[in-house]
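Remarks on the overall topology
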Amino acid sequence: GESVGLHLPTLSVQEGDNSIINCAYSNSASDYFIWYKQESGKGPQFIIDIRSNMDKRQGQRVTVLLNKTVKHLSLQIAATQPGDSAVYFCAENRPGGNTPLVFGKGTRLSVIA
Amino acid sequence: GAVVSQHPSRVICKSGTSVKIECRSLDFQATTMFWYRQFPKQSLMLMATSNEGSKATYEQGVEKDKFLINHASLTLSTLTVTSAHPEDSSFYICSARDLDRGKTQYFGPGTRLLVL
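Not measured: the values here are computed from a predicted model. (Residues numbered from 1 in each chain as written. Chains lettered and ligands numbered in written order. Predicted model: local features only at pLDDT ≥ 70, side-chain atom pairs only at ≥ 80, totals over all residues. Heavy atoms only, no water.)

1. A look at the sheet that holds strand β7 (residues 62–67) of chain A
Strand pairing in a sheet relies on backbone hydrogen bonds. The paired strands run either parallel or antiparallel. All names here are of chain A. Spelled out, the test is: At least two DSSP bridges between two strands are needed for those strands to be called paired. By definition, any uninterrupted DSSP run of H or I lasting at least four residues is a helix, any uninterrupted run of E lasting at least two residues is a strand, and each is numbered from the N terminus. A fitted line through C-alpha atoms represents every axis, and for helices the fit uses only the stretch in contact; the resulting angles, taken between N-to-C directions, go from 0 to 180 degrees.
With antiparallel pairing, 4 strands are arranged side by side in an open sheet as β3-β8-β7-β6. Looking at the sheet topology across the chains shown, the edges are occupied by β3 (19–24) and β6 (56–58). Between one strand axis and the next, the sheet turns through 15 degrees on average, direction left out of account. With 3 bridges joining them, β6 and β7 adopt antiparallel strand pairing. Bridged to R57 within β7 is V64.

What follows is the structure, given as structure tokens:
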């Protein structure tokens, strides 16, 4: 199930099930989005990206869906494994030259073996 | 490709000392580097943006005299925490971008700073 912790919401999933992590972004003009995975004590790792002219993109075991109408992004992980346990961040690129990505608050995915 | 390294990975220092953290892009030229800090169970907080050869742009509330950033080359940026205090203890992460490759930011492994 999903719960809101002190700072990060947590999603607990049974091993082998599919995971869906959601993200709401704020700027309707954002044109590029990235999902990052951060394991404990490490820097964020790039997982998958999507441009605003697409609504779906698939990678290996991961799919990103973009709904520009409601400014919503989701990351689907198929057949979730213990190694998927981490914090997942979405990031949006706002227009305006070389501006930094804007990160969401993150969701902690906990895989139950 | 797009590997970013940081050094050191962790550092413990006494209050009042200065600590330098290096961030290197190993296989690409980083036109821009970003420095973040992260407290436990929280998201990344952007501290500053630096472009090679120019002064860094600091986010509101970040003291530029406390957190000195130097981006002297297209592959190296340094963050110096001057006169560190226990409240500066945190996880510092750098990120690099090559605009020729697009807007993706690639992150280093982070540096854990503990100030006693």
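2. Side note on the pairing of strand β9 (residues 90–97) of chain B
Walk down a regular strand and you will see the side chains alternate between the two sheet faces. All names here are of chain B. Inclusion rule: Summary of the burial criterion: residues with accessible area below 20% of their type's maximum are buried, those above 50% are exposed, and those between are partly exposed, where the area comes from a 1.4 Å probe applied to protein chains only.
A large share of β9 lies buried, amounting to 8 of its 8 residues. A two-sided burial pattern is seen for β9, the buried positions comprising S90, Y92, C94 and A96 on one face and F91, I93, S95 and R97 on the other. Pairing between strand β4 (residues 32–38) and β9: 7 bridges, direction antiparallel. For R37, the partnering residue across the bridge sits in β9 and is Y92. For β9 and strand β11 (residues 111–115), the ladder comprises 3 bridges, and the chain directions are antiparallel. Considered in β11, the bridge of F91 is made with R112. Where β9 and strand β10 (residues 106–107) come together, 2 bridges link them in antiparallel fashion. Residue pairing in the sheet places A96 in a bridge with Y106 of β10.

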